[in-house]
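# Observations on the three-dimensional arrangement
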Protein chains: 2
Amino acid sequence: MKNFEYFTPTKIIFGEDTHLQTGSLLKSYGAKKVLIHYGGHSAVKSGLLEQIQTSLKEAGISYVTLGGVVPNPHLSLIREGIELCKKENIDFILAVGGGSVIDSAKGIGYGVANPWTDVWNFYLKKETPTDCLPIGVILTIAASGSEMSSSSVVTNEETKQKRGSSKTDLCRPKFAILNPRLTFTLPPYQTASGCVDILMHTMERYFVNMDTLEITDSLSEALMKTVIHNAPILMEEPDNYKARAEVMWAGSLSHNGLTGCGTGSGDWACHQLEHELGGVYDVTHGAGLAALWGSWARYVYTENPGRFAQFASNVLNISQGENDEQNALAGIQAMEDFFHSIHMPVNLHELGLHLTEEEIHDLAFRCSFEDTRTIGSFRKLNRNDMEKIYLMAR
Amino acid sequence: MKNFEYFTPTKIIFGEDTHLQTGSLLKSYGAKKVLIHYGGHSAVKSGLLEQIQTSLKEAGISYVTLGGVVPNPHLSLIREGIELCKKENIDFILAVGGGSVIDSAKGIGYGVANPWTDVWNFYLKKETPTDCLPIGVILTIAASGSEMSSSSVVTNEETKQKRGSSKTDLCRPKFAILNPRLTFTLPPYQTASGCVDILMHTMERYFVNMDTLEITDSLSEALMKTVIHNAPILMEEPDNYKARAEVMWAGSLSHNGLTGCGTGSGDWACHQLEHELGGVYDVTHGAGLAALWGSWARYVYTENPGRFAQFASNVLNISQGENDEQNALAGIQAMEDFFHSIHMPVNLHELGLHLTEEEIHDLAFRCSFEDTRTIGSFRKLNRNDMEKIYLMAR
């Protein structure tokens, strides 16, 4: 097991009606003028935005709003947000939405607090931020875990690059309000994609080639089983509060670092492969991950079949095979069956992408940063490996 | 399930040689003059204290030391620490030890930062602290979870009252350094007591009479299984790094709030019953808990046999009984067998206390705050109930 650091300073306020505390919470953090950052019209139509604005008014807090965040959030809106914050002397950003909105808020927070460079340099990892505007979250999609994480993933729509920022704890939200009821109206496809994303945040940390902490393994397995149990319930009963709560809390715990304690920096190859897809073809992140995972798993499992067999046994109750290899493969198949059961794709065709070999060659070239990097740690993957996996996933 | 808040701002630095970072860490938090607070001579003899002092000197940080913290830490030393901190203009407290040292440090931190009242008033819950000196921890005993918790339990040796302070997040340590190797030299009895304490922090939250979050249940069960698996290993191999690491990380996670998400405020009756024992008879906390738990469990399980049956099944692999009641009782017995297997007592005799009925009557009277409070939530217990449980545990 590796040495590790664990730092999750975000205060979670979880449950019914908790979003009504927004104004008083912001006040307790000393916020004077807030940017309310959100996505599409659902926050407006549902009345959520109005409730939040009322809460801020009652607490005597000024605000301006900036909507329009799209999935795979755009650098251009972040630039617009940075200018708006500077003009309006914003001292706190309130992200109302899911991972895209939170990641966009983090980009704005970095941009405002680090005027000495262009914000995109943090995503190109040419520079590291030294500060960030404080961020609060009202979560409306359980998926990204961005409400507790140090991640921000943004798409430069001009260059079609989808990139994660340099990791710092500066952008971890000060607080996150998690009211499962706010996720009731999510369409099934978004709900299912979110569940895959949650699972993958733990799986990327779980599939490593080293001695791990038994407690981290068992917490991870418990978390994955919870999501696998509750995701199908949500396909049938989108307004099941309990199931929404299970998935929502799993989402935060899956990406706050808990499931990576002692497992080094994890694998993350699937995320890198998906980021390239998302940047170029603008697919839904979780669905993109589901479409790639099985191919990645079959490509790499021979490095350590025992790890995949443990996953099969402890997460999916599969242990009837004659050896680790058989159980590993049966587990991968069972996971793909699970993805299918919640109407998620297990290949690029099912994701709606019909790519030529040339397009796949280009994807791998991009994903390898023009043949200059490898990805993954369970098995290190070069451009050639990436191309093979994309092809297997076709 | 209940709404909940979850706030664990303590930065964990876990692993080999991590204590050598102490000086630079303190510097990063802006510490100028530090109180190094510790217990007995083991920190001196082992050379740990010297390593830490060297680390501080290298970082250019001044310090004074205050040792002598005993198990069930004394109010008098806290008062001494408060005066010392004021005289020396201390701005950061470094606790080097286990729960007693950390709890003592929290008492000092509260006392220095709240000169408007006597510090014991926070433990009598007459007042609530509004501030606390920042605290860092180098953990040498895996048990209390105080390194991430908002708890501080102190004994007023004049009145023989052992009391927990008003809960605030102010005293949660800024950082905690967890190096499993620093726990290698703990005697088996302390190691086993620590394991019981860790288990009980989760069990006190787990045994509740309400709908719980499935994810909290399964994380709690995973944590308890890890401790039950590794505690016997440590009885045989006290210098098993991996097993020490499992137990150490379980200790922090068990009391930082994670295992109580959605379970309300938990039960805590066993802790209250043990606090009275500890205050009057100065027993080791974990051993005291082990001596009481089975009696408490048999007294209350009928309120919800299903919960105890779930514990028996998911934590102890016991599910052969004809009904919940049988499985519940088999689970309680199996837990006591586990306590015995690590040489922990399951009654007061085995704890070394041979109490008269009058002494037990007096304990219950004290534990009920002279018949003015009930304890517990799984089943609310009045003075009469407490007396019965103490008698069952004789």
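Whatever comes next refers back to the structure up there.
Reference entry: report on the structure contained in this document. (Residues numbered from 1 in each chain as written. Chains lettered and ligands numbered in written order. Predicted model: local features only at pLDDT ≥ 70, side-chain atom pairs only at ≥ 80, totals over all residues. Heavy atoms only, no water.)

## A few points about helix H9 (residues 241-254) of chain B
In an α-helix there are 3.6 residues to a turn, and that puts residues three or four apart on one side. All names here are of chain B. Between its first and last C-alpha atoms H9 spans 20 Å; for 14 residues at 1.5 Å apiece the expected length is 20 Å, and the two agree. With 13 of its 14 residues buried, H9 lies for the most part within the structure. The N-cap of H9, judged by a side-chain oxygen 3.1 Å from the amide nitrogen of Lys242 a few residues on, is Asn240. (Helix = DSSP H or I, 4+ residues; strand = E, 2+ residues; numbered from the N terminus. Expected span 1.5 Å × (residues − 1). Buried < 20%, exposed > 50% of the residue type's maximum accessible area, 1.4 Å probe, protein only. Polar contact = N/O pair within 3.5 Å; in protein donor to acceptor, adjacent residues only side chain to side chain.)

## A word on the relation of the copies chain A and chain B
For the pair of chain copies, the relating transformation is a rotation about an axis with a translation along it. Screw-axis analysis of chain A against chain B gives a translation of 0.0 Å along the axis, an RMSD of 0.0 Å, and a rotation angle of 180 degrees. Seen this way, the second copy is the image of the first under a two-fold rotation axis. Considering only C-alpha atoms, the part of chain A nearest the rotation axis is A:Pro9, at 2.0 Å. Both copies present the same face, since 100% of the interface residues in chain A are matched by interface residues at the equivalent positions in chain B. (Least-squares fit on C-alpha atoms with pLDDT ≥ 70 in both. Contact = heavy atoms within 4.5 Å.)

## Side note on the pattern of salt bridges
In the structure shown here, the tally under the stated rule is 32 salt bridges over all chains. For A:Asp118, the salt bridge is made with A:Arg79, and the minimal N-O distance between the two is 2.5 Å. Separated by 39 residues along the polypeptide, A:Asp118 in the loop between helix H5 (99-113) and helix H6 (120-123) and A:Arg79 in helix H4 (residues 75-88) bring together distant segments of the chain. Residue classification places A:Asp118 among the partly exposed residues on the basis of a relative accessible area of 34%. Exposure remark for A:Arg79: the relative accessible area of 35% places this residue in the partly exposed category. B:Glu357 is the partner of B:Arg394 in a salt bridge, and the nearest nitrogen-oxygen pair spans 3.7 Å. Separated by 37 residues along the polypeptide, B:Arg394 in the segment after helix H16 (383-392) and B:Glu357 in helix H15 (residues 357-367) bring together distant segments of the chain. On the basis of relative accessible area, B:Arg394 is assigned to the partly exposed category, the value being 31%. Connected via shared salt-bridge partners are A:Arg163, A:Glu276 and A:Arg366. (Salt bridge = Lys/Arg side-chain N within 4 Å of Asp/Glu carboxyl O.)

## Some details on the state of the cysteines
As enumerated under the stated definition, the model contains 0 disulfides over all chains in all. Its sulfur unpaired, A:Cys270 is 10 Å from the next cysteine sulfur, which belongs to A:Cys367. Owing to a relative accessible area of 1%, A:Cys270 belongs among the buried residues under this scheme. With no disulfide of its own, B:Cys195 has B:Cys270 as its nearest cysteine by sulfur position, at a separation of 17 Å. Using a relative accessible area of 0% as the deciding quantity, one classes B:Cys195 as buried. (Disulfide = S-S within 2.5 Å.)

## What about the interface of chain A and chain B?
Across the contact, 40 residues belong to chain A and 40 residues belong to chain B. When chain A packs against chain B, close to 3,400 Å² is buried across both sides, 61% of that on carbon and sulfur atoms. Ionic pairing is found between A:Lys11 and B:Glu5, a salt bridge with its closest N-O pair at 3.7 Å. Along the contact surface separating chain A from chain B lie 17 residue pairs in polar contact (both at pLDDT 80 or more). Elements with a minimum of two residues in the side of chain A that touches chain B: strand S1 (4-14), helix H8 (214-236) and helix H9 (241-254) of chain A. When residues in the side of chain A that touches chain B are grouped by element, the largest group, 11 residues, is from S1(A). Grouping the constituent residues of the side of chain A that touches chain B by class yields 21 nonpolar, 12 polar and 7 charged. By the bridge criterion, 7 bridges tie S1(A) to strand S1 (residues 4-14) of chain B in an arrangement that is antiparallel. When the bridges of S1(B) are listed, A:Phe14 appears paired with B:Phe4. (Buried area = accessible area lost by both parts, 1.4 Å probe. Nonpolar A, V, L, I, M, F, W, Y, C, P; charged D, E, K, R; others polar. Pairing = 2+ DSSP bridges.)

Purely geometric numbers; function is a separate question.
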